[in-house]
Amino acid sequence: MKKNRLAEKNALFRNQWFFLLVVEIGLAIVTGIVNPRFFTTSNLMNILEQVAVLGIVSSGMTLLIISGEIDISVGANIGLSSCVMAMMMKAMRFSFLPVAVGILLAVGNSFLVGITSRGFKAPSFITSLAFISVFQGIALAITKGSFQTIYGQFETIGMTRVAQILPLSFIISIGAYLFVHFLLSQTKLGRRIYSVGSNPQAAYLSGISVAHTKLTAFFLNGLFVGIATMVLLSRIGAAQPSTGTGLELRAIGAVVIGGTPLSGGKGRIIGTLFGVFLMGIISNTLNMLRVNPYFQEVTFGLLIIASLAVSVLSSYGKTR
Amino acid sequence: MAEKKETLLVSLRNITKVYGHHRALHEVSFDLYPGEVHCLVGENGAGKSTLIKILSGAITPDQGEICIQGQCFRALTPRQAITLGVSTIYQDAELVDSLTVADNIFLGSEQSTRFSFIVDKKAQFVRAQEIINTLHLPLEPSLLVEELSSSQRQMLQITKALYREAKILIMDEPTSALGLEEKRALMEIIRTLKSQGIGIIYISHYLEEIFEVGDRVTILKDGTSMGTYRISEITIEEVVRKMVGRDASAFFSRRLVPLGEVCFEVKNLTKKGLVEGVSFAVRRGEIFGLGGLVGSGRSEVVHLIFGALPLDQGEIWLGGKRGMIRSPQDAIRQGIALIPEDRRKMAMLLGRDLVENTALVHNDIFRGPILYRKEEMTMTQDIIRKLTVATQSETQLIEELSGGNQQKVVIGRWLLDGYEVYIFDEPTKGVDIGAKERIYELMVELAEQGKSIIMISSSMPELLSMSDRIGIMRQGRMVDIVESKSVTEEYLIRAFIGV
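Residues numbered from 1 in each chain as written. Chains lettered and ligands numbered in written order. Predicted model: local features only at pLDDT ≥ 70, side-chain atom pairs only at ≥ 80, totals over all residues.

Student: I keep staring at the overall build of chain A and nothing clicks. Help me out?
Tutor: Scanning chain A from N- to C-terminus turns up 13 helices and four strands. Relative to a compact globule of 320 residues, whose C-alpha radius of gyration would be 20 Å, chain A shows 20 Å and is just as compact. In chain A, buried positions account for 46% of the 320 residues. Of all intrachain contacts in chain A linking residues separated by at least 6 positions in sequence, the fraction that spans at least 24 positions is 80%. (Helix = DSSP H or I, 4+ residues; strand = E, 2+ residues; numbered from the N terminus. Rg over C-alpha atoms; globule rule 2.2 N^0.38 Å. Buried ≥ 20, exposed ≤ 12 C-beta atoms within 10 Å, placed from the backbone. Contact = placed C-beta atoms within 7 Å.)

Student: How do you make sense of the overall build of chain B when you look at a structure like this?
Tutor: If you tally the helices and strands in chain B, you get 17 helices and 20 strands. In terms of overall dimensions, chain B is globule-like: its C-alpha atoms have a radius of gyration of 26 Å, near the 23 Å expected for 499 residues. Its C-alpha atoms give chain B principal-axis dimensions of about 75 × 50 × 45 Å. Counting the 499 residues in chain B, one finds 44% classified as buried. Sequence-distant contacts in chain B: of pairs separated by 6 or more residues, those separated by 24 or more amount to 68%.

Student: Sorry if this is basic, but what is going on with the interface of chain B and chain A here?
Tutor: Interface extent is often summarised as the accessible area lost during association of the parts. Counting residues at the interface gives 24 residues for chain B, matched by 24 residues for chain A. Listed by contribution, the elements that provide at least two residues to the side of chain B that touches chain A are helix H10 (328–333) and helix H11 (343–346) of chain B. A per-class count over the side of chain B that touches chain A returns 15 nonpolar, six polar and three charged. (Nonpolar A, V, L, I, M, F, W, Y, C, P; charged D, E, K, R; others polar.)

Student: Got a minute to help me understand the domain arrangement of chain B in this structure?
Tutor: Residues and elements named next belong to chain B. The domain boundaries assigned to chain B delineate domain 1 (2–248) and domain 2 (257–497). Computed over C-alpha atoms, the centres of domain 1 and domain 2 are 36 Å apart. Counting residues at the interface gives 15 residues for domain 1 and 13 residues for domain 2. No other element matches helix H8 (residues 236–243), which puts three residues into the side of domain 1 that touches domain 2. (Domains from an automatic or database assignment.)

Student: I'm lost on the sheet that holds strand E15 (residues 321–323) of chain B in this one. Help?
Tutor: Working definition: the strands of a sheet are paired by backbone hydrogen bonds and lie parallel or antiparallel to each other. All names here are of chain B. Strand order across the open sheet formed by four strands is E12-E11-E14-E15, with antiparallel pairing between neighbours. Both outer strands of the open sheet, strand E12 (275–283) and E15, are each paired with one neighbouring strand and no more. The mean inter-strand angle of the sheet, taken between neighbouring strand axes irrespective of direction, is 20°. As judged from the three bridges shared by strand E14 (residues 313–318) and E15, these two strands associate in the antiparallel manner. Paired with tryptophan 317 across the strands is arginine 322, a residue of E15. (Pairing = 2+ DSSP bridges. Axes fitted to C-alpha atoms, helices over the stretch in contact; angles between N-to-C directions.)

Student: Help me understand the packing of H8(B) against helix H17 (residues 489–497) of chain B, please; the structure alone is not making it clear to me.
Tutor: The axes of two packed helices give the description: the angle between them and the distance between them. All names here are of chain B. Where H8 meets H17, the closest approach of the two axes is 9 Å, and the angle between their N-to-C directions is 115°. Accordingly, the angle class assigned to the pair H8 and H17 is roughly perpendicular. The handedness of the crossing between H8 and H17 comes out as right-handed. Contacts between H8 and H17 pair Val240, Arg241 and Met243 from the former with Glu490, Ile493 and Arg494 from the latter. (Parallel < 35°, antiparallel > 145°, perpendicular 65-115°, else oblique. Left-handed = near helix turned anticlockwise from the far one by under 90°.)

Student: Got a minute to help me understand unusual backbone geometry in this structure?
Tutor: Residues and elements named next belong to chain B. The phi torsion at asparagine 14 lies on the positive side, around 50°, for a residue other than glycine. In this fold, asparagine 14 is placed in strand E1 (residues 10–19). Not every positive phi belongs to a glycine, and aspartate 222 is a case in point at roughly 50°. Here aspartate 222 lies in the loop between strand E9 (216–221) and strand E10 (224–230).

Student: Quick question: what am I supposed to make of helix H7 (residues 168–186) of chain A here?
Tutor: For an α-helix, 3.6 residues make a turn, and residues three or four places apart therefore share a direction. Taking 1.5 Å per residue as the helical rise, H7(A) with its 19 residues ought to reach 27 Å, and the 26 Å between its terminal C-alpha atoms agrees with that figure. In the core, the buried residues of H7(A) are packed alongside helix H2 (41–66), helix H6 (156–159), strand E3 (166–167), helix H10 (210–236) and helix H12 (269–288) of chain A. (Expected span 1.5 Å × (residues − 1).)

Student: Can you walk me through the pairing of E10(B) in this structure?
Tutor: Regular strands place their side chains on alternate faces of the sheet. Residue and element names in this part refer to chain B. The sheet contact formed by E9 and E10 spans five bridges and is antiparallel. Among the inter-strand pairings, valine 217 is bridged to a residue of E10, identified as tyrosine 229. A loop of two residues connects E9 with E10, the two strands running antiparallel in sequence, and aspartate 222 in this loop sits at a positive phi of about 50°.

Student: Got a minute to help me understand the packing of helix H3 (residues 74–92) of chain A against H10(A) in this structure?
Tutor: Residue and element names in this part refer to chain A. For the pair H3 and H10, the least separation of the axes is 9 Å and the interaxial angle reads 55°. With respect to each other, H3 and H10 are oriented oblique. Both H3 and H10 take part in a crossing whose hand is right-handed. On H10, the residues that touch Val74, Asn77, Ile78, Ser81, Ser82, Met85 and Ala86 of H3 are Val225, Gly226, Ala228, Thr229, Leu232 and Leu233. Classifying every residue of the contact of H3 with H10 by side-chain character gives eight nonpolar, five polar and no charged.

Student: I would appreciate a short explanation of the nonpolar core in the present structure.
Tutor: It is characteristic of soluble globular proteins that their nonpolar side chains tend to be buried jointly. Grouped together as the largest cluster of nonpolar side chains are 208 residues, with contacts concentrated most on Val57(A), Ala228(A), Leu55(B), Leu169(B), Ile336(B), Ile423(B) and Ile453(B). Broken down by element, this core gets its largest block of residues, twelve residues, from H10(A). (Core = buried A, V, L, I, M, F, W, Y, C linked by C-beta atoms within 7 Å.)

Student: Is there a simple way to think about helix H1 (residues 48–55) of chain B in this case?
Tutor: Residue and element names in this part refer to chain B. Counting buried positions along H1 gives six out of eight residues, so the element sits mostly inside the fold. Inspection of H1 places Lys48, Thr50, Leu51, Ile52, Ile54 and Leu55 among the buried residues, and these make up the whole buried set. Trailing H1 by a residue or two, glycine 57 shows a phi angle of about 85°, which is positive.

Student: Teacher, can you tell me more about the sheet that holds strand E5 (residues 71–73) of chain B here?
Tutor: Residues and elements named next belong to chain B. As summarised here, the arrangement of the four strands in space is E2-E1-E4-E5, forming an open sheet in which the pairing is antiparallel. The open sheet terminates on both sides in strands that have one partner only, identified here as strand E2 (22–32) and E5. Neighbour-to-neighbour, the strand axes of the sheet open up by a mean angle of 20°, direction not taken into account. Alignment of E1 against strand E4 (residues 63–68), held across five bridges, turns out to be antiparallel. Looking at the pairing, serine 11 lines up with cysteine 67 of E4. Relative to the sheet, H1 contacts E1, E2 and E4, its axis offset from that of E1 by approximately 120°.

Student: Got a minute to help me understand the confidence of the model for chain B in this structure?
Tutor: A low pLDDT means the predicted coordinates there should not be read in detail. Residue and element names in this part refer to chain B. On average, chain B scores 88 in pLDDT, and the residues at 70 or more come to 96%. Throughout residues 1–5 the model reports pLDDT below 50, and contacts reaching past four residues in sequence, or to other chains, amount to one contact. The ipTM assigned to the predicted complex is 0.82, against a pTM of 0.80. (pLDDT = per-residue confidence, 0-100.)

Student: What's the story with the environment of Gly471(B) in this structure? I'm lost.
Tutor: Residues and elements named next belong to chain B. Structurally, the position occupied by glycine 471 is in strand E19 (residues 469–474). Overall, the presence of 23 C-beta atoms within 10 Å leaves glycine 471 in the buried class. With 257 residues separating them in the primary sequence, glycine 471 and glycine 214 have C-alpha atoms 31 Å apart. When residues no more than four places from it in sequence are discounted, the contact partners of glycine 471 are Phe280, Phe288, Gly289, Leu290, Met478 and Ile481.

Student: It is not clear to me how the pairing of strand E3 (residues 37–41) of chain B should be interpreted in this structure. Could you clarify?
Tutor: Residues and elements named next belong to chain B. The buried fraction of E3 is high, at five of five residues. Of the two faces of E3, both are covered, the one formed by Val37, Cys39 and Val41 as well as the one formed by His38 and Leu40. Summarising the sheet, E3 and strand E8 (residues 199–203) pair through four bridges and their orientation is parallel. Bridging from a neighbouring strand, leucine 40 pairs with isoleucine 203 of E8. The pairing of E3 with E9 spans four bridges and is classified as parallel. Counterpart to cysteine 39 in the pairing with E9 is valine 217.

Student: Would you mind going over the environment of Ile210(B) with me for this structure?
Tutor: Residue and element names in this part refer to chain B. Within the fold, isoleucine 210 resides in helix H7 (residues 207–213). Each C-alpha atom, one on isoleucine 210 and one on isoleucine 236, is 9.4 Å from the other, the two residues being 26 residues apart in sequence. Residues contacting isoleucine 210, with those up to four places away along its chain left out, are Cys39, Val41, Tyr202, Ser204 and Val217.

Structure follows, in structure tokens:
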């Protein structure tokens, strides 16, 4: 009976991301039939490359959402950090220090969102909303709105293909997923992140520092944003204040589609992984089918709303 | 009274309400005549609130009939109750602070000028003054509600109810926030209301008030009615006697544990407005009960001890050493465990499994940042076996268990480590009989291991049969500490309400 129950539960869990996988394969087949170029190695690798940055950002977002917080300023954070990185590289003709400073800046920004939210007892949704315009404003001020190009200077991470095939950026994103998976399933910090997301008061009365745990989640989120900035800058070779805009919505969407509810305390990184893939495949499919890019934005928005509907319906089924 | 029959305002017939295993009300009947003050008394959890909520439509009874002004229903909606003239006067609720007295009276049914969308402030003002005058209330229609005292707020609520043509007023502990003068004023208002033919259901722990203002009294105990009496035909002593007194089966007979030295002591614990200078000591092997009415400061005392509320003043001593406790983290580190009252809100991790719920406080049993998943699993299985938690597996989600089993898991998380002081806040609230006995058994086992136990309880039998001594809380103070062997239920309830 005990085994039965476990098996049943595993099957149930498998269904969640299994469902996403089925949708993804279905989409791929349809696109492949309409446009056979979809299944070429170069296109598939292209998809992996495109979802790398989103995957890294979504990994951090998964931690944050499970802890019961959110950061919608990650896109603006990437914009500011990438401008600073690029400007320093241009000035220094040297890449290690700018990358380090850029990552630290991203960490600091995310931390600031967390600190203000805790300190002023405001939801992080609101503080991060405010910080979007702070980050974008600073980025516009320091760049005076201009493109910061660093072509040829910092291409290693973005251009390297391991074994001539696999993009290095994708491998970095896999590293991010694995790190978060390990953190959530094997460490005390992960356990605390779940507990403060599920019931902060119970966590507090059990001797867990809620503020400390949530700020750590913001810190890690910033770290992932910083790494994503580095990968993105290396791939594009240029930065501007609007770099990264819209990424927050896709990241939150990927997390939610992957089965992590915005209410916190639940969720797994594997869901996020397939959520990110779904985003990548849909984007690629729409390109292949030559859909107007403006409609692509519409599609992503609707997709996120659909995923919210699915999560509400599935919890409704459970409570009954 | 036969001639009054047709004018009966309220008639509740054989009302029964069951929550899970708990019978909140059992075949209770209650009626109210115009111009009458009918009081409702009973201990915490006797069923007063449930009865009131049924009458105001907030709760649906399982059985019985509700008749208001001749119309009978199986169940009411809150809206129906209001239309039928039932109005409840709450402590603070339902008022908008930023609006004037007049605006608040007409909130939701504003008087309009010729243009239906414009509020006729003048007409409202005049009408409000009229109602206030008929009751001789010290209220000014143009004042902002935020400037009112709590007694004026209460008067405003009464005014509002009268404007809505309420025929039945429910007053739940109306004097708890009032001073002596204000109490007298309220009694005066109640007399005026009576003369206007309004029926009042008056709930209070203060029996003197009931004898001052009431016409009849109904006594509830454990969800059953102990009878309805004319105030002129009963004494305070008799009322108290009917509120308590249970047969021996309600009591748990526990093993006695030899007491050791004092292991835990608090001195002059103070939190402004909540707790005033509470001091007591607990010995090893002792179960120290904390009794008192809801709102007497019992839970606040334990939250102060546990560091969940910051202390204004006072000392906490553990094993002869002064404890510095500023957060639950400090308390846990110094050997204090708290099982809070509201397990859903304060203890359970919903959506997580039993392992995570059990291992919650034990993150530091093992060194390093990595979890020891196998050990956690074994520890959880041990707890499940030890406390006979009815579950399919340790990976079941906690909300899928019954109340009693949830409580066992919540308690179980504190059994893995050695704590010196265990605080149980209402340990058996919403718990079935079987689980209750297992929890009592466990508390005695802890006492036998030389732990000090503090137990808050609203259940008289629990308090009397489990505690060695009982600290009696009244209005934030510990007014007395008694040996539980030497007191009766009647003595306790008198001490709680102060008569």
